[in-house]
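# Close look at the chain arrangement
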Amino acid sequence: QREVVESGGGLVQTGGSLRLSCEASGTATSIQRRGWYRQAPGERRELVAQFDSGDNTYYADSVAGRFTISRDKDTIYLQMSSLKPEDTAVYYCYEDYVYCADVCHPLHAWGQGTLVTVSS
């Protein structure tokens, strides 16, 4: 019922900045969490930043102070600054949400990912 689509990845030099966008569409009864994961080659997918249902923000230690998550209605953003080569990864937008019809179901929406490459 929900779809999320990322944009904004690309190639940037060490110390540079990029802003990722994630536009959500579709129907949900409530949004539980929304944010960004990333997955580097050969690594596990890791949580980067998110909003919870109370609009509280979380940041991974590795990006705190450099990345900022924000939102505007159904679009969330990830402003990335002071980028390092170790930030190179595919970045995925996601939502955990609840959809209620006759019964309520917890559901998840994932984007297709956008590649961020930081050159040294």
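Please refer to the structure higher up on the page.
Numbers given for residues are sequential positions, taken from 1 along each chain in its written order. Totals for whole chains, interfaces and linings use every residue, but because this is a predicted model, local features are given only for residues with pLDDT of at least 70 and side-chain atom pairs only at 80 or more, for both listing and counting. Remark: hydrogens and water are excluded; side-chain values derive from all non-hydrogen atoms of the structure.

## Focus: the nonpolar core
Side-chain atoms within 4.5 Å are what join buried Ala, Val, Leu, Ile, Met, Phe, Trp, Tyr and Cys residues into a set we call a nonpolar core. Relative accessibility under 20% of the residue-type maximum defines a buried residue, over 50% an exposed one, and the middle range a partly exposed one, all with a 1.4 Å probe and only protein chains included. Formed by 25 residues in total, the largest nonpolar core has its most connected members in Trp36, Val48, Phe67, Leu78, Met80 and Tyr91. Elements with a contribution of two residues or more to this core: β3 (18-26), β5 (46-51), β7 (67-72), β8 (75-80), β9 (89-100) and β11 (114-119). Should any heavy atoms of two residues lie within 4.5 Å, those residues are counted as being in contact. Dropping the residues within four chain positions of it, valine 48 is found in contact with Trp36, Tyr37, Arg38, Tyr58, Tyr59, Ala60, Val63, Phe67, Leu78 and Tyr91. Counting from the N terminus, the helices are DSSP H or I runs at least four residues long and the strands are E runs at least two residues long.

## Description of unusual backbone geometry
Within the chain, aspartate 55 stands out as a residue other than glycine whose phi angle is a positive 70°. Among the secondary structure elements, aspartate 55 is positioned in the loop between β5 and β6 (57-59). Assessed through its relative accessible area of 37%, aspartate 55 is described here as partly exposed. Not every positive phi belongs to a glycine, and serine 82 is a case in point at roughly 50°.

## Focus on the packing of aromatic side chains
Any pair of Phe, Tyr and Trp rings, taking the six-membered ring for Trp, is counted once the centres come within 6.5 Å. Such a pair is stacked with planes under 30 degrees apart, edge-to-face with planes over 60 apart, and tilted for the rest. Enumeration according to the criterion identifies four aromatic pairs in this entry. Taken together, the ring pairs in this structure connect Tyr37, Tyr92, Tyr94 and Trp110 into an aromatic cluster. A positively charged side chain is recorded as over a ring if its NZ (Lys) or CZ (Arg) lies within 6 Å of the ring centre. The angle to the ring normal must also be within 35 degrees. Sitting over the face of the ring of tyrosine 92, arginine 45 holds its NZ or CZ atom 3.8 Å from the ring centroid. Lying across the ring of phenylalanine 51, arginine 71 places its NZ or CZ 6.0 Å from the centre.

## What to know about the pattern of salt bridges
Salt bridges are counted wherever a side-chain nitrogen of Lys or Arg sits within 4 Å of a carboxyl oxygen of Asp or Glu. Applying the stated criterion to the full structure yields eight salt bridges. Among the salt bridges present, the one from aspartate 96 reaches arginine 33, with a minimum N-O distance of 2.5 Å. Residue aspartate 96 is located in strand β9, and its partner arginine 33 is located in strand β4 (residues 30-39); the two are separated by 63 residues in the primary sequence. Residue classification places aspartate 96 among the buried positions, given a relative accessible area of 13%. Look at arginine 33 and you get partly exposed, because its relative accessible area is 25%. Salt bridges linked by common partners bring Arg2, Arg34, Asp74 and Glu95 together as one network.

## Notes on the pairing of β3
Here a strand pair is declared whenever DSSP counts at least two bridges between the two strands. Across six bridges, strand β1 (residues 2-7) lies against β3 in antiparallel orientation. Considered in β3, the bridge of valine 5 is made with glutamate 23. Pairing between β3 and β8: six bridges, direction antiparallel. Across the sheet, serine 21 pairs through a bridge with tyrosine 77, a residue of β8.

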